[in-house]
Amino acid sequence: MHTPYYHYNTRVLRNTLGALLAARADDERFHVHYAVKANARPELLHIIASKGLGADCVSGGEIEAAIAAGFKPESIVFAGVGKADWEIQLALSAGIGCFNAESLPELEVISQLAQAAGKTARVALRINPNIDAHTHEKITTGLPENKFGIDMRDMVAAAKRICELPALQFAGLHFHIGSSILDLSVFARLCERINELQNELEAAGLTAESINVGGGLGTHYEDPDVHPIPDFIGYFDTFRKHLQLRPGQQLHFELGRSIVAQCGTMMSSVLYVKEGRERNFLILDAGFTDLIRPAFYNAHHKIENTTRPNEPATARYDVVGPICESSDVFQKDVQLPPSQRGDLIAFRTAGAYGEIMASRYNLRQLPGAVFE
Ligand code: LLP
């Protein structure tokens, strides 16, 4: 396989899923949906579906991919601020488990389309809980200035509207506050907010069958070999400890990054070592079209020269791609062994939001994939 390509280690994925399921500890109230947006490679989806996880989808295309990979339609939740009519119709005819609705006009449209299809749609309300996840501004979602969800103050009226509208059933509340969260106290604060909102809902005579807390658990980008498995135990325990679930109430999670990030590595080759007057550049055949996270979010991926694993890192390079944009920089001033044309360079922890965000800008080829 020529570079750039993604190398997926399915053993790492299986170990991660094993740890996730062990941490869930057969708690039948806990339902984990894999957030397909993180990586939709059929080979990976298939493994995840075979472990009995549900799917969290944000488009008609993701619903089709999830069903094709073996996810049960009733285990699919469908989120997104802008669901198109054809996507809602597809979800209705597939018989998905729940729509996560994000605005009042969307409720009206789902009701009309469900009536026309002769179906009842289960709908959860996505509430914006006004909690700062203290993560990168481009992946924080739970603040009033973000486009997501319904304001907490409008929750009761929106839930009542669901109960009034034909062909809709009120399923409960949905939240998602951001991504790449390693500080578990952020989730504890989310739980406290949900406790308050549940009291308010009940005071208005409404009950939520289910609570969906979204995704967002982070993974270790700095040191993937030291921390290959995310802290699923601490994560689930935070909800066990802080969230007051009502008797019979179900708790849903939508995890993406924490499930697939560590199983993927983006592989590239050194095209040129350019020794400048001020800095030395390692020019790779991979650019932000292959892995956009560093350019888009200033994200850090551990960079390794896998051709020289045992040589001391005595050189410093700005590691850059070939794309005609000055933002096509993976990382500046990286300590690596003195490198040469043809060396293989690995970007670790790239299984989530890596390959799936690739583009054909500059009419480049999409990266390939190998599985081990
Ligand atoms: N549920 C909802 C409603 C979401 O918006 C997301 C992610 C997830 C679940 C899954 O979150 P996770 O467990 O993966 O954190 N491209 C960015 C991340 C964008 C996340 C978007 N929403 C990145 O590369 O960091």
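Look up: the structure comes first, before these words.
Residues numbered from 1 in each chain as written. Predicted model: local features only at pLDDT ≥ 70, side-chain atom pairs only at ≥ 80, totals over all residues. Heavy atoms only, no water.

Trainee: I tried to follow the overall build of the protein on my own but got confused; where do I start?
Mentor: Per the secondary structure count, the protein includes 10 helices and 17 strands. In terms of overall dimensions, the protein is globule-like: its C-alpha atoms have a radius of gyration of 22 Å, near the 21 Å expected for 372 residues. With respect to the three principal axes, the spread of C-alpha positions in the protein is 70 × 40 × 40 Å. The buried share of the protein, reckoned over its 372 residues, is 55%. Look at the contacts in the protein between residues 6 or more apart in sequence, and 72% of them connect residues 24 or more apart. Surface summary for the protein: the accessible area is close to 16,100 Å², and the carbon and sulfur share equals 50%. Taking the average location of the 35 positive side-chain charges in the protein and that of its 44 negative ones, the two points are 2 Å from each other. (Helix = DSSP H or I, 4+ residues; strand = E, 2+ residues; numbered from the N terminus. Rg over C-alpha atoms; globule rule 2.2 N^0.38 Å. Buried < 20%, exposed > 50% of the residue type's maximum accessible area, 1.4 Å probe, protein only. Contact = heavy atoms within 4.5 Å. Areas by Shrake-Rupley, 256 points an atom, 1.4 Å probe, with all protein chains shown as cover. Lys, Arg positive; Asp, Glu negative; His and termini not counted. Charge placed at Lys NZ, Arg CZ, Asp CG, Glu CD.)

Trainee: How do you make sense of helix H6 (residues 155-164) when you look at a structure like this?
Mentor: For an α-helix the count is 3.6 residues per turn, leaving residues at separations of three or four pointing the same way. Along H6, the positions that sit buried rather than exposed are Met155, Val156, Ala158, Ala159 and Ile162. Buried residues in H6, looked at end-on, bunch into an arc of 165°, giving them a common side. Turned more than 90 degrees away from the buried face of H6, the exposed residues are Ala157 and Glu164. (Arc of directions from axis to C-beta.)

Trainee: Any chance you could explain unusual backbone geometry here in plain terms?
Mentor: For residues other than glycine, phi is negative in most cases, and the peptide bonds are mostly trans. Cis geometry is adopted by the peptide bond preceding Pro4, which originates at Thr3 and carries an omega value of -5°. Mapping Pro4 onto the fold places it in the segment before strand S1 (5-8). For Ser180, which is not a glycine, the phi torsion comes out positive at approximately 65°. With respect to the helices and strands, the residue Ser180 is situated in the loop between strand S8 (168-174) and helix H7 (185-203). Ser180 sits in the partly exposed class, given a relative accessible area of 23%.

Trainee: Can you help me understand the site of the ligand in this one?
Mentor: In the vicinity of the ligand, 18 residues are found, and the nearest of them are Ser179, Glu254, Arg293, Tyr297 and Tyr353. Within the side chain of Arg293, an N or O atom sits 2.6 Å from an oxygen atom of the ligand. Measuring from an oxygen atom of the ligand, one finds a side-chain N or O atom of Tyr353 at 2.6 Å. Within the complex, 91% of the 590 Å² of free accessible area of the ligand lies under protein. Elements with a contribution of two residues or more to the shell around the ligand: strand S10 (250-255) and helix H10 (293-297). Classifying every residue of the shell around the ligand by side-chain character gives six nonpolar, six polar and six charged. (Near = heavy atom within 4 Å. Polar contact = N/O pair within 3.5 Å; in protein donor to acceptor, adjacent residues only side chain to side chain. Nonpolar A, V, L, I, M, F, W, Y, C, P; charged D, E, K, R; others polar.)

Trainee: What should I look at first to understand the layout of surface pockets in this one?
Mentor: Over the atoms, a rolled probe matching the size of one water molecule traces out where space is still vacant. Reported here for the second largest pocket is a volume of approximately 320 Å³. In terms of lining, the second largest pocket is formed by 17 residues, of which the most central are Asn9, Val12, Gln262, Thr265 and Arg348. Only helix H1 (10-24) and strand S11 (264-275) provide two or more residues apiece to the lining of the second largest pocket. Looking at the lining of the second largest pocket residue by residue, the classes come out as seven nonpolar, seven polar and three charged. (1 Å grid on protein atoms, 1.4 Å probe; cavity = no way out; pocket = protein on both sides within 12 Å on 5 of 7 lines; lining within 4 Å. Points joined across faces, edges and corners; volume = space filled by probe spheres on them.)

Trainee: Would you mind showing me how to read the side chain of Thr265 here?
Mentor: Within the secondary structure layout, Thr265 lies in strand S11. Ignoring sequence-local partners within four residues, the contact set of Thr265 consists of Tyr5, Tyr6, His7, Ala346, Phe347, Arg348 and Ala350.

Trainee: I'm lost on the packing of aromatic side chains in this one. Help?
Mentor: The geometry of an aromatic ring pair is captured by two quantities: the separation of the ring centres and the angle between the planes. Evaluated as defined, the whole model comprises 15 aromatic pairs. Considering the side-chain rings of Phe187 and Tyr235, the 5.1 Å spacing of their centres and the 85° angle between planes classify their relative orientation as edge-to-face. Of the two residues, Phe187 is situated in helix H7 and Tyr235 in helix H8 (residues 232-242); the sequence distance between them amounts to 48 residues. Classification of Phe187 as buried rests on a relative accessible area of 0%. Judged by relative accessible area, Tyr235 falls into the buried class, the value being 0%. Connected via pairs of aromatic rings, a cluster forms that spans Phe30, Phe187, Tyr235, Phe236, Phe239 and Phe253. In this arrangement the basic side chain of Lys83 is found over the ring face of Phe78, its NZ or CZ atom lying 5.5 Å from the centre. (Phe/Tyr/Trp six-rings, centres within 6.5 Å; stacked < 30°, edge-to-face > 60°. Lys NZ or Arg CZ within 6 Å of the ring centre and 35° of its normal.)

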